[in-house]
Structures are given as structure tokens and as C-alpha cells.
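Examining the three-dimensional arrangement
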Amino acid sequence: MTGMGQIAAGVGAMCAGAAAWMTGGPSTTARRARLLFTGAGEASGSGPPPWTRACARARRLPAEWWSVAVGMAIALLGASVLPLLAGAGGVPLLRRVRLAREARLARERRGEAVIALCGALAGEVRAGHQPGEALLRVARDCGGLGDARATVLAAARFGGDVPRALADLARQPGAGGLSGLAACWRVAVDRGAGLASGLDRLEAALRAERDQRADLRAQLAGARSTAVLLAGLPVLGLLLGTGLGAHPLHVLLHTGAGLACLVLGGVLEGAGLWWALRIVRGAEAA
């Protein structure tokens, strides 16, 4: 019990140090010096209170670092360092999930920008503008494609190879519709075909594909939510056991059989969640 008390004391010291850093920050001396020389002080009521600064610092942290906070809280409750180590180990996994979500959102924004570009370009061409001039007018306002659209703008302004620039830009995730725009542009320039009608058909096709993906994602949302809910049932069981006075954290973290059950259950839980989400992702990709 003395060893467990030392572990709990060490974890408590880590929590106190983290709280002191969040409220005071690494540059507390420099901040106090600035307040002294500028004639403003904490006692005068200027500046935000410490808890406000702590909340601001916490909001700036990436979401995956909350895994360490949760592991620290469970380590304090269970008087064991294992939850803290598990929380630290979950940071790379949660970071990967966050980056994948951000990449998916960026891909969707590019797709929406391509659809808007096709519709606006068709309207400009119908209004009587030349294709190059129309592309210059609409591409400047198309911020969803990022800075890579500069090559397309340069090709349209100086008479370069616009279809090739569009094809290069289409290699970005979510911007695949620009390859269809490049084909329409090439056909319109080489054979004199109507660019506006081709852009209308391309926009309609891209919108139909986007709506199909959205409908499929909505249909799979129930399966994904069910998988996540089933993955959270062990946590509910621990809460129920704690409420009944069974002390499940002590059994899992301080007995040999409990540690074996914890490791085996964690492996099975992770494998089941990975398999269920893999099935959902496979259906979305198909």
C-alpha cells in the first residue's frame, strides 16, 4: 500500500504541476516584469483571471491530449500509473484520427469548390465572356482550391496550357472533377464545341455523385454509432460496478487476474471496434 500511495502522490504532483503551468505559464517572471514596468498589476483587476487563461490554454491544445487528462484522472481514482501510460499511448492514435477527419473535411471542401467553379464558369461563358477571361473571373473567388489554383490562373492569363494545369490541380484529394473540366475545355477549344453545355452536364454529374455519397454516409451513420456505443459499454459497466461498491478499478489495476482481464478485454475491444469501422469505411469507399 506504501508503493500505491507513492504512485498516487506522484500522479497528484504531476496534476498540480500541469495546473500550475496552465494558470501561470512558462513565462510567469517575464509577465510579472511586463506588468511592473507598464504600471499594471494583478491587484488592479486588469487582465483576465487565472481560470480564464487556463481555459484558453486548454482550448488551444489538440483534442488528442485530452487522452492524457482522462488517463491522469483515472490514475488518481485507481491509485495506479497504468491508466496514465495508456492515456499517453492513445495520443498518437487520436492524432491520426483527427488528421484523417481534417483531411476528409478538406477533401469535401475541394469537391464543393469544384462544383461551384463549374457552375460559375458556365454562367460567365453564357454571359458572353471568353473562356480564359471567365476562368480568371471565377477562379479568383474560388478559395476552396487553395493556393494551387495560381497555376491555373497563370495559364489562363498568359495563354498557357489550361487543360494541363487543371489536370495537375485535379490530383489533389477531392478535386477530381477538375479533370472533367479539363476535358471540356480541351474539346471546346479544339473542336469548337459548346463549353457551357459541357460544364452544365459536368456540374450535374458532380452534384449527383456528392448527393449519393451524402446519402450513403447518412445510411451508414447508424452502424457507426452502434459500433461506438457498443465500444463504450465496458465504461458503463465500470461505472455501475463502482456505484454498487464493487471497486472494479482496484480489481483491474491491482490484481493479477484483473490485469489479465484488462489486457485481454482491451485487445478484443480494440479489434472489434477496428473491424466494425473497417466494414463501414469499406462500404463508403465502394
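Heads up: the structure comes first, above all this text.
No experiment lies behind these values; they were computed from the predicted model shown.

1. Some details on the state of the cysteines
For the structure shown, the criterion picks out 0 disulfides. In this model Cys118 remains outside any disulfide bridge; the closest cysteine sulfur is found in Cys184, 7.6 Å from its own. Judged by its relative accessible area of 0%, Cys118 is buried.

2. Regarding the side chain of Ser67
Within the fold, Ser67 resides in helix H4 (residues 66-78). The contact partners of Ser67, leaving out residues within four places of it in the chain, are Gly87, Gly90, Val91 and Leu94.

3. Focus on the nonpolar core
Membership of the largest hydrophobic core comes to 35 residues, with the highest contact counts inside it found for Leu117, Leu121, Leu135, Leu145, Leu178 and Leu181. At the level of elements, helix H5 (82-126), helix H6 (131-139), helix H7 (150-157), helix H8 (162-169), helix H9 (177-191) and helix H10 (195-231) are the ones that each hand at least two residues to this core. Take this core: its biggest share by element is 8 residues, from H5. Counting residues in hydrophobic clusters, the runner-up holds 5 residues, among them Val68, Met72, Ala75 and Val91.

4. Focus on the packing of H5 against H6
Look at H5 against H6: their axes get within 9 Å of each other, and the N-to-C directions meet at 135 degrees. Here H5 is positioned oblique relative to H6, judged by the angle of their axes. Along this stretch, H5 crosses H6, giving a crossing that reads as right-handed. Touching Leu117, Ala120, Leu121, Glu124 and Val125 of H5 are Pro131, Ala134, Leu135, Arg137, Val138 and Ala139, all from H6.

Quick notes on the rules
Residues numbered from 1 in each chain as written. Predicted model: local features only at pLDDT ≥ 70, side-chain atom pairs only at ≥ 80, totals over all residues. Heavy atoms only, no water. Disulfide = S-S within 2.5 Å. Buried < 20%, exposed > 50% of the residue type's maximum accessible area, 1.4 Å probe, protein only. Helix = DSSP H or I, 4+ residues; strand = E, 2+ residues; numbered from the N terminus. Contact = heavy atoms within 4.5 Å. Core = buried A, V, L, I, M, F, W, Y, C linked by side-chain atoms within 4.5 Å. Axes fitted to C-alpha atoms, helices over the stretch in contact; angles between N-to-C directions. Parallel < 35°, antiparallel > 145°, perpendicular 65-115°, else oblique. Left-handed = near helix turned anticlockwise from the far one by under 90°.

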